[in-house]
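Take a look at the letters that make up each chain.
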Amino acid sequence: MNQDFKNPERSNRIIDEIIEKTEFFKIIFESLKDLIVILDRDLKILYFNSDVLKNNLNYGNKEIVGRNLRTFIYNKDIEKINNIINKTTSNSKHPITEIRLKDLNQNWIWFDLKIIEMQDKKTNILYLFILKNISEMKNAEEKYKNLFESSPNAIILLNFSGIIIDVNLTTIKLFGQKKQDFIYKPIHIFTDLYPSEIKPFFKQIFKAAFKGIFPEPIEAQLKLNNNRLIWVLIQASLVKVRQSVLIQIIYQDITEKKKIQLLEKKFKEQLELEVEERTKKLNHALKEQKLYLDQILRSSQFKTEFMSTMSHELRTPLNAIIGFTELLLEGAYGELHSEQKEVLNDIISSAEHQFDMIKNILDISKIEAGHLKLNKSTFVINNIINQVYSIFKPTIDKKNIQFLLHGLDKQYEILADPIRVKEILLNLVSNAIKFTEKGTIDIRFKEKDKKWMFKIKDTGIGIDQKDFNIIFKEFKRVDSDYVRSKPGTGLGLSLTKRLVNLHGGVLWFKSELGKGTTFTFTIPRN
Ligand code: ADP
């Protein structure tokens, strides 16, 4: 459209003709997007392209014909038009100005206005208003302006020569200067906005601006006028503000984030140091512990080896002592008188005591070292219990105690180590006999759902509650004259408990001083 009016003289002629006679140009005007209004000196509307007017302002012909355009113009904008018209000399070019016209719904619509002054044939002054609807652009601009001003980041608009065209509120607050201090000055004179370290970045920006491709944002430290140091993330992009394209520089204050990052880095470094230090200490401790464990292992292996060698070495001469003493007693080397026999009997019982002790110590240390393996098989428990019964029957008879068996009404097969089960029973029954002078000793067997249960019950001296906790400890015996008068090492129960546990069973007892004791143990059936 502007093209048609480049030559004002020619335009005038055309308009004259339009007004006077031809409908042809009216048709052309109607086909345009811009609103064309022809007005007289007082801005009374003589002509307008009605379809375009309807589209833009929604008026029909009757609301417009014969009206003065001023009634539709925003008050302040009338001033702008007056200024243009008053300065206007015929045929001259006039600057485009922005005005608002009221539409049918009382909304103000923005237009770019170009005024062309003409004369008709009677030399009356006429005006041709060419109005271009810029409301969309204005809205976008308005939105940008709002964002620009309300942004928490400092935004600076530069032209391609690096001159500051506009700065937003945050820029003013952050850099502590007035708007007019910035406007139309080259950015490079502001050392706080443009420290020398970021010159290369800005060079890249200006170089890239023509292509519209900008470098990646950078982080930089700025020194403000009040000497405060801040960290910013600077990024650039292009914005179109009205007719011009500008470079938008955004300074995002990341001081807090940077502080946190620095703290985190410091904390991480500190943590890494500590972890390293602790790992070293831990490794050292682990090494020491391994050495210690190795030593324990070696010493426990040594102990087991030592014990088995020693027990062998100790038991061989004991066997010889017992064997030869028995021969002496049997009179193999000549008849002995009763005192000699008594002494020899003492030797045998001492040797047997020693023998038992060595065997028990060896078994306990083997169990402790995990070297004692059970030799399990399925066997008839009745046989074992009967054997135990037979072994002790003579001794019990001598003591005038009743010896009873319970629960062996039929044959029971159990899965266990028969030698060790017999050993357990021998230990418990021998204790019962040792510590019982009258009454009964019962051996009870019971087959339950998940276990076999054995009870050895006596009516002997019983155990005082205060001694309950020493009963299973190695080399511990109840401290009483009676107990001292009986042979024993204090190892029997300790080994017995371990043997029961090795079978996966439990051993416990109930006792009342002076009334008797019941030892119970179980062996699980699986
Ligand atoms: P030892 O019988 O060789 O002394 P044990 O380890 O078998 O060693 O028993 C430890 C101690 O428990 C015994 O010395 C005794 O004081 C007490 N004790 C064990 N069985 C009985 C029992 N049936 N009645 C009373 N006291 C017992």
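Residues numbered from 1 in each chain as written. Predicted model: local features only at pLDDT ≥ 70, side-chain atom pairs only at ≥ 80, totals over all residues. Heavy atoms only, no water.

Peer 1: Honestly, helix α15 (residues 492-502) in this entry has me stumped. Any pointers?
Peer 2: At 3.6 residues per turn, the α-helix brings residues three or four places apart onto the same side. With eight of 11 residues buried, α15 is to be regarded as a mostly interior element. Gly492, Leu493, Ser494, Leu495, Thr496, Arg498, Leu499 and Val500 are the residues of α15 that are buried. Here the buried face of α15 lies against α11 (338-368), α13 (418-434), β16 (507-512) and β17 (516-524). (Buried < 20%, exposed > 50% of the residue type's maximum accessible area, 1.4 Å probe, protein only. Helix = DSSP H or I, 4+ residues; strand = E, 2+ residues; numbered from the N terminus. Contact = heavy atoms within 4.5 Å.)

Peer 1: Would you take a moment to explain the pairing of strand β10 (residues 244-253) for this structure?
Peer 2: When a strand is regular, its side chains alternate between the sheet's two faces. For strand β6 (residues 154-158) and β10, the ladder comprises five bridges, and the chain directions are antiparallel. Looking across to β10, one finds that leucine 158 is bridged to isoleucine 247. In terms of strand pairing, strand β9 (residues 229-241) meets β10 through 10 bridges, oriented antiparallel. Within the sheet, the bridge partner assigned to alanine 236 lies in β10 and is isoleucine 249. (Pairing = 2+ DSSP bridges.)

Peer 1: Got a minute to help me understand the sheet that holds β10 in this structure?
Peer 2: Whether parallel or antiparallel, the strands of a sheet pair through hydrogen bonds between backbone atoms. Pairing is antiparallel across the open sheet formed by five strands, whose spatial order is β7-β6-β10-β9-β8. Of all strands in the sheet, those bounded by a partner on one side alone are β7 (164-167) and β8 (218-223). With direction set aside, neighbouring strand axes in the sheet form an average angle of 35°. Both β8 and β9 contribute to a ladder of six bridges, which runs antiparallel. Following the sheet pairing, glutamate 219 is matched in β9 by leucine 233. (Axes fitted to C-alpha atoms, helices over the stretch in contact; angles between N-to-C directions.)

Peer 1: Would you mind going over the site of the ligand with me for this structure?
Peer 2: Residues in contact with the ligand amount to 21 residues; listed here are only the nearest, Asn431, Lys434, Arg477, Thr489 and Leu493. Within the contact set of the ligand, an oxygen atom lies 2.6 Å away from a side-chain nitrogen or oxygen of arginine 477. Alone, the ligand offers 530 Å² of accessible surface; in the complex the protein occludes 97% of this. Those elements giving two or more residues to the shell around the ligand turn out to be α13, α15 and β17. For the shell around the ligand, the class distribution of residues is 10 nonpolar, seven polar and four charged. (Near = heavy atom within 4 Å. Polar contact = N/O pair within 3.5 Å; in protein donor to acceptor, adjacent residues only side chain to side chain. Areas by Shrake-Rupley, 256 points an atom, 1.4 Å probe, with all protein chains shown as cover. Nonpolar A, V, L, I, M, F, W, Y, C, P; charged D, E, K, R; others polar.)

Peer 1: What exactly am I supposed to notice about a negative patch on the surface here?
Peer 2: Where like charges cluster on the molecular surface, the negative patch consists of Glu269, Glu272, Glu274, Glu276 and Glu277. Its location among the elements puts glutamate 277 in helix α10 (residues 255-330). Glutamate 277 gets classed as partly exposed once you look at its relative accessible area, which sits at 42%. (Patch = residues over 30% accessible without salt bridge, like charges linked within 9 Å, V, L, I, M, F, W, Y side chains within 5 Å. Salt bridge = Lys/Arg side-chain N within 4 Å of Asp/Glu carboxyl O. Lys, Arg positive; Asp, Glu negative; His and termini not counted. Charge placed at Lys NZ, Arg CZ, Asp CG, Glu CD.)

Peer 1: Looking at this structure, I do not really get the packing of aromatic side chains. What am I missing?
Peer 2: The geometry of an aromatic ring pair is captured by the separation of the ring centres together with the interplanar angle, meaning the angle of the planes. The full count for this structure, using the stated rule, is 15 aromatic pairs. Taken together, a centroid distance of 5.2 Å and an interplanar angle of 50° make the contact between tyrosine 412 and phenylalanine 445 tilted. Here tyrosine 412, found in the loop between β12 (402-406) and β13 (413-416), pairs with phenylalanine 445, found in strand β14 (residues 440-447); they are 33 residues apart in sequence, far enough to count as distant. Accessibility expressed as a relative area gives 10% for tyrosine 412, which makes it buried. For phenylalanine 445, a relative accessible area of 5% gives the class buried. Between phenylalanine 509 and phenylalanine 519, the ring centres sit 5.3 Å apart and the planes meet at 35°, which makes this aromatic pair tilted. With phenylalanine 509 in strand β16 and phenylalanine 519 in strand β17, the pair connects residues that are 10 residues apart, well separated along the chain. You can call phenylalanine 519 buried: its relative accessible area is 8%. (Phe/Tyr/Trp six-rings, centres within 6.5 Å; stacked < 30°, edge-to-face > 60°.)

Peer 1: Explanation requested: the domain arrangement of the protein chain in the structure shown.
Peer 2: For interface size, the figure often reported is the accessible area lost on association. Here the protein chain is partitioned into domain 1 (3-133), domain 2 (139-253), domain 3 (269-369) and domain 4 (377-524). Taken over C-alpha atoms, the centre of domain 2 sits 90 Å from the centre of domain 3. (Domains from an automatic or database assignment.)

Peer 1: I keep staring at the pattern of salt bridges and nothing clicks. Help me out?
Peer 2: Two side chains carrying opposite charge are able to pair once their charged atoms lie near each other. In this structure the tally under the stated criterion is 24 salt bridges. The partner of arginine 484 in a salt bridge is aspartate 479, with the nearest N and O atoms 2.4 Å apart. Here the residues in one salt-bridge network are Lys145, Glu149, Asp166 and Lys179, joined through shared partners.

Peer 1: For this particular structure, what's the right way to read a positive patch on the surface?
Peer 2: Where like charges cluster on the molecular surface, the positive patch consists of Lys446, Lys448, Lys450, Lys451, Lys455 and Lys510. Its place among the elements puts lysine 451 in strand β15 (residues 451-458).

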